[in-house]
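# Per-entry structural report
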Amino acid sequence: MPKKISGGRKTAYYAGMALAITGAISFGSVFVSGIAHFGDFSNFETQSKSMMARGFGGMVLMIVGIVVMSVGARGAAGSGLVLDPKKAREDLEPFTRMAGGMVKDALDEADIKLGKGTSEKIIMIRCKKCNQLNEEDSKFCQECGQSL
Ligand SMILES: [Zn+2]
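Description of the structure in this document. (Residues numbered from 1 in each chain as written. Predicted model: local features only at pLDDT ≥ 70, side-chain atom pairs only at ≥ 80, totals over all residues. Heavy atoms only, no water.)

### Quick word on the environment of M59
Tracing the sequence through the fold places M59 in helix α2 (residues 44–78). Accessibility expressed as a relative area gives 36% for M59, which makes it partly exposed. Sequence-wise, M59 and I25 are 34 residues apart; in three dimensions their C-alpha atoms are separated by 9.8 Å. (Helix = DSSP H or I, 4+ residues; strand = E, 2+ residues; numbered from the N terminus. Buried < 20%, exposed > 50% of the residue type's maximum accessible area, 1.4 Å probe, protein only.)

### Description of the coordination of the zinc ion
Donor atoms from the polypeptide that coordinate the zinc ion comprise C127 (SG), C130 (SG), C141 (SG) and C144 (SG), at 2.3 Å from the metal. Note that the zinc ion binds 4 donor atoms; their angles at the metal cover 105 to 111°, and the shape is tetrahedral. Here the donor residues for the zinc ion map to a single chain with the spacing C-x2-C-x10-C-x2-C. (Donors = N, O, S within 2.8 Å, 3.2 Å for Na, K, Ca; no water. Tetrahedral: all angles 85-135°; square planar, octahedral: opposite > 155°, others 65-115°.)

### A word on unusual backbone geometry
Positive phi values are uncommon outside glycine, yet N131 reaches one of about 70°. In this fold, N131 is placed in the loop between β1 (124–126) and β2 (133–135). By relative accessible area, N131 is classed as partly exposed at 48%.

### What to know about the packing of aromatic side chains
The geometry of an aromatic ring pair is captured by two quantities: the separation of the ring centres and the angle between the planes. Scanning the entire structure with this criterion turns up 1 aromatic pair. When the ring of Y13 is compared with that of Y14, the centres are 5.4 Å apart and the planes differ by 80°; the resulting orientation is edge-to-face. A relative accessible area of 27% places Y13 in the partly exposed class. Residue Y14 is classed as exposed on the basis of its relative accessible area of 53%. (Phe/Tyr/Trp six-rings, centres within 6.5 Å; stacked < 30°, edge-to-face > 60°.)

Here it is, written out as structure tokens:
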């Protein structure tokens, strides 16, 4: 039976995403106000202090958010927080299955059906090394020779 990702982990994932976005906005605002006040040194000290607080705080928020997201998505063991390879596999199982499902959805959306009706359509595979598209049945990349 396939396992389900627990509600708590989903909550952690979305909470982490919110944190990371908040952090990114805060971090990004430093550059925006930096540009807006460029050349204006009237209250430079106050400005640079608030910029540092926002920049640093934003960065911390982003990092924490990303960590929480990955724990939510993959579970504590799967994200490497708990060193337990067996538990990691169990934690990662719903995650990798979900990723596989997303790939399938993307293929469906692009109207590439595997199985029936593939004869007229050429499926290309992308080289991991140089990103060159190669025909499905090629063994080596035509650009860099990497085995596919
Ligand atoms: Zn290549």
